[in-house]
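Residue strings, one per chain:
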Amino acid sequence: MPSASIQSRRNLQLAGERALLVQVIYGRRTRDEAEDSLAELERLADTAGATVVGSITQRRERPDPALMVGQGKLAEIQLASRTAEANLLIFDNDLTAVQANNLDLSMGIKVIDRTELILQIFARRAQTAEAQIQVELAQLQYLAGRIPVSEKQQRFFGGIGMRGPGESPFQLRRAPMMARITILKRKLREIQKRRQLTRRRKFGPAVCLVGYTNAGKSTLLNALSAAEAYVDDRLFATLDTKSRAVFLPDGRNAMLTDTVGFIRHLPHGLVASFRSTLEEIGQADLLLLVMDAGHRYVRP
Ligand SMILES: Nc1nc2c(ncn2[C@@H]2O[C@H](COP(=O)(O)OP(=O)(O)OP(=O)(O)O)[C@@H](O)[C@H]2O)c(=O)[nH]1
Ligand SMILES: [Mg+2]
């Protein structure tokens, strides 16, 4: 069993929380890119059920290794979060384990980053057994890399002369996670093998609907076929691919498949976990890119 704190981080309740967004701009990132990313973070927070009460941006040469933001900015964030009665801080930038830990300690409220937010949304959205396993796997892999620093240090400093049969607390916490990861990977392989066996006979060319999340892929699938795919004006409504036969006006048929949407900085763990789902895209005869004509980057 994973430890209590790890378990509670996997089941973070973001619904009803008052969130303050924080973004650090560094390197060659342009103002436009940063603005888009922050707007997307706001949509993600909203999708998770949180209320965004404000946002703070800082431009720095490079991220602060201990806190991501500078000391002065941290004081500003503390004040802003008290004033706005925020109980959740969401960073647009991915935090290292050290930064997350330090921020947790100095803020006194929950601190999460973009990856953790996306993982939470996926966890709530996953419907089928396969999607649930894929999300749990991604969550565990993310958390395994973020065992609190102090315990990593414990292992690092306490090791000399103590190595051997005895396990450090760090390993004690990591071992059950690794065991669970192995079990989940095996379950996933079994499900995928079964699916390959039952994969329906090819029904005309395979067409995959791909595109940004919330672009309207599932709506298009529903319009072209008798599918009743879940449609919602929120991000990542679809996590489970759905294939449906489509009868084209010229008498030909095609197999249309809905897919998981794209987003900026989709966590690597999620991409790896959803590999089998994404493989469908690789095997398609045609990729149909669906775009929202109302988006500012799309010129209809
Ligand atoms: N105005 C308008 N709205 C649309 C159109 N197509 C889809 N929508 C709306 O856009 C929202 C997202 O549609 P979905 O079909 O769920 O989008 P999706 O690409 O499947 O999104 P994810 O599964 O979250 O990646 C829904 O509220 C739809 O009703 C369209 O052609 N015009
Ligand atoms: Mg969809």
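First things first, this report covers the structure right here in the doc.

Reading the values: rules and limits
- Residues numbered from 1 in each chain as written.
- Chains lettered and ligands numbered in written order.
- Predicted model: local features only at pLDDT ≥ 70, side-chain atom pairs only at ≥ 80, totals over all residues.
- Heavy atoms only, no water.
- Helix = DSSP H or I, 4+ residues; strand = E, 2+ residues; numbered from the N terminus.
- Buried < 20%, exposed > 50% of the residue type's maximum accessible area, 1.4 Å probe, protein only.
- Contact = heavy atoms within 4.5 Å.
- Areas by Shrake-Rupley, 256 points an atom, 1.4 Å probe, with all protein chains shown as cover.
- Phe/Tyr/Trp six-rings, centres within 6.5 Å; stacked < 30°, edge-to-face > 60°.
- Pairing = 2+ DSSP bridges.
- Axes fitted to C-alpha atoms, helices over the stretch in contact; angles between N-to-C directions.
- Patch = residues over 30% accessible without salt bridge, like charges linked within 9 Å, V, L, I, M, F, W, Y side chains within 5 Å.
- Salt bridge = Lys/Arg side-chain N within 4 Å of Asp/Glu carboxyl O.
- Donors = N, O, S within 2.8 Å, 3.2 Å for Na, K, Ca; no water.
- Left-handed = near helix turned anticlockwise from the far one by under 90°.
- Nonpolar A, V, L, I, M, F, W, Y, C, P; charged D, E, K, R; others polar.
- Near = heavy atom within 4 Å.
- Polar contact = N/O pair within 3.5 Å; in protein donor to acceptor, adjacent residues only side chain to side chain.
- Parallel < 35°, antiparallel > 145°, perpendicular 65-115°, else oblique.

**Description of the overall build of the chain**
At step 1: For the chain, the count of helices and strands is 11 helices and eight strands.
At step 2: The buried share of the chain, reckoned over its 300 residues, is 44%.
At step 3: Taking the intrachain contacts of the chain between residues at least 6 apart in sequence as the baseline, contacts between residues at least 24 apart amount to 71%.
At step 4: When the accessible surface of the chain is totalled, it reaches about 16500 Å², and 54% of it is carbon and sulfur.

**Structural notes on the packing of aromatic side chains**
At step 1: Tallied over the entire structure, the rule returns one aromatic pair.
At step 2: Aromatic side chains Phe122 and Phe236 sit 4.7 Å apart centroid to centroid with 55° between the ring planes, which places their arrangement in the tilted category. Remark: Phe236 occurs in the loop between helix H9 (217-224) and strand S6 (243-247) and Phe122 occurs in helix H5 (residues 114-125); sequence separation between them is 114 residues. Residues Phe122 and Phe236 agree in their burial class; the two are buried.

**Considering the sheet that holds strand S3 (residues 88-91)**
At step 1: The parallel open sheet is built from four strands, whose spatial order is S2-S1-S3-S4. The sheet is open, and its two borders are formed by strand S2 (51-59) and strand S4 (110-113), each paired with just one other strand. Strand-to-strand twist across the sheet, computed as the mean angle between neighbouring axes with direction ignored, equals 20°.
At step 2: Direction of pairing for strand S1 (residues 18-25) relative to S2: parallel, over a ladder of eight bridges. Residue Ala19 lies in a different strand from S2, and its bridge partner there is Val52.
At step 3: The strands touched by helix H2 (residues 31-47) are S1, S2 and S3; relative to S1, the strand with the most contacts, the crossing angle is about 160°.
At step 4: Contacts from helix H3 (residues 71-83) reach S1, S2 and S3 within the one sheet, and its direction differs from that of S2 by about 165°.

**Overview of a nonpolar patch on the surface**
At step 1: On the surface, Tyr212, Phe262, Leu289 and Met291 cluster together to form a nonpolar patch covering roughly 400 Å² of accessible area.
At step 2: Tracing the sequence through the fold places Tyr212 in the loop between strand S5 (206-210) and H9.

**Focus: the sheet that holds S6**
At step 1: On the basis of which strands lie adjacent, the open sheet formed by four strands has the order S6-S7-S5-S8 and mixed pairing. The open sheet has two edge strands, S6 and strand S8 (286-289), and neither has a second partner. Strand-to-strand twist in this sheet, taken as the mean axis angle between neighbours without regard to direction, amounts to 30°.
At step 2: As judged from the four bridges shared by S5 and strand S7 (residues 253-258), these two strands associate in the parallel manner.

**Quick notes on the coordination of the magnesium ion (ligand 2)**
At step 1: Protein-derived ligands of the magnesium ion (ligand 2) are Ser218 (OG) and Thr238 (OG1), with the metal-ligand distances lying across 2.0 to 2.1 Å. Taken together, the positions of Ser218 in helix H9 and Thr238 in the loop between H9 and S6 put the pair 20 residues apart, joining distant regions of the chain. Taken as a pair, Ser218 and Thr238 share a single burial class, namely buried.

**Section: unusual backbone geometry**
At step 1: Its identity is not glycine, yet Glu85 carries a phi of approximately 50°, on the positive side.
At step 2: For Glu85, the position within the fold is in the loop between H3 and S3.
At step 3: According to the relative accessible area criterion, Glu85 is exposed, its value standing at 60%.
At step 4: The phi dihedral of Asn214 is positive, around 75°, even though this residue is not glycine.
At step 5: For Asn214, the position within the fold is in the loop between S5 and H9.
At step 6: Residue Asn214 is classed as partly exposed on the basis of its relative accessible area, which comes to 27%.

**Description of the packing of H2 against H5**
At step 1: Where H2 meets H5, the axes come as close as 10 Å, and the angle between the chain directions of the two elements is 35°. In terms of crossing hand, the pair formed by H2 and H5 is left-handed. Seen from H2, the contacting residues are Ser37, Glu40, Leu41, Leu44, Ala45 and Thr47; seen from H5, they are Arg114, Leu117, Ile118, Ile121, Arg124 and Arg125.
At step 2: Its residues assigned to classes, the contact of H2 with H5 comprises six nonpolar, two polar and four charged.

**Looking at the site of ligand 1**
At step 1: Around ligand 1, a shell composed of 16 residues is seen, among which Lys217, Ser218, Thr219, Ala237 and Thr238 lie nearest.
At step 2: Ala215 places a polar main-chain atom, nitrogen or oxygen, 3.2 Å from an oxygen atom of ligand 1.
At step 3: The side chain of Lys217 places a nitrogen or oxygen atom 2.7 Å from an oxygen atom of ligand 1.
At step 4: Grouping the amino acids of the shell around ligand 1 by side-chain chemistry returns five nonpolar, seven polar and four charged.

**Thoughts on the packing of H5 against helix H6 (residues 129-144)**
At step 1: One way to put it is that H5 packs onto H6 with a least axis distance of 9 Å and a crossing angle of 155°. Accordingly, the angle class assigned to the pair H5 and H6 is roughly antiparallel. Viewed along their axes, H5 and H6 form a crossing whose handedness is left-handed. Every residue of H6 that contacts H5 at Thr115, Glu116, Leu119, Gln120, Phe122 and Ala123 is listed here: Val135, Ala138, Gln139 and Tyr142.

Shape descriptors only; they carry no functional weight alone.
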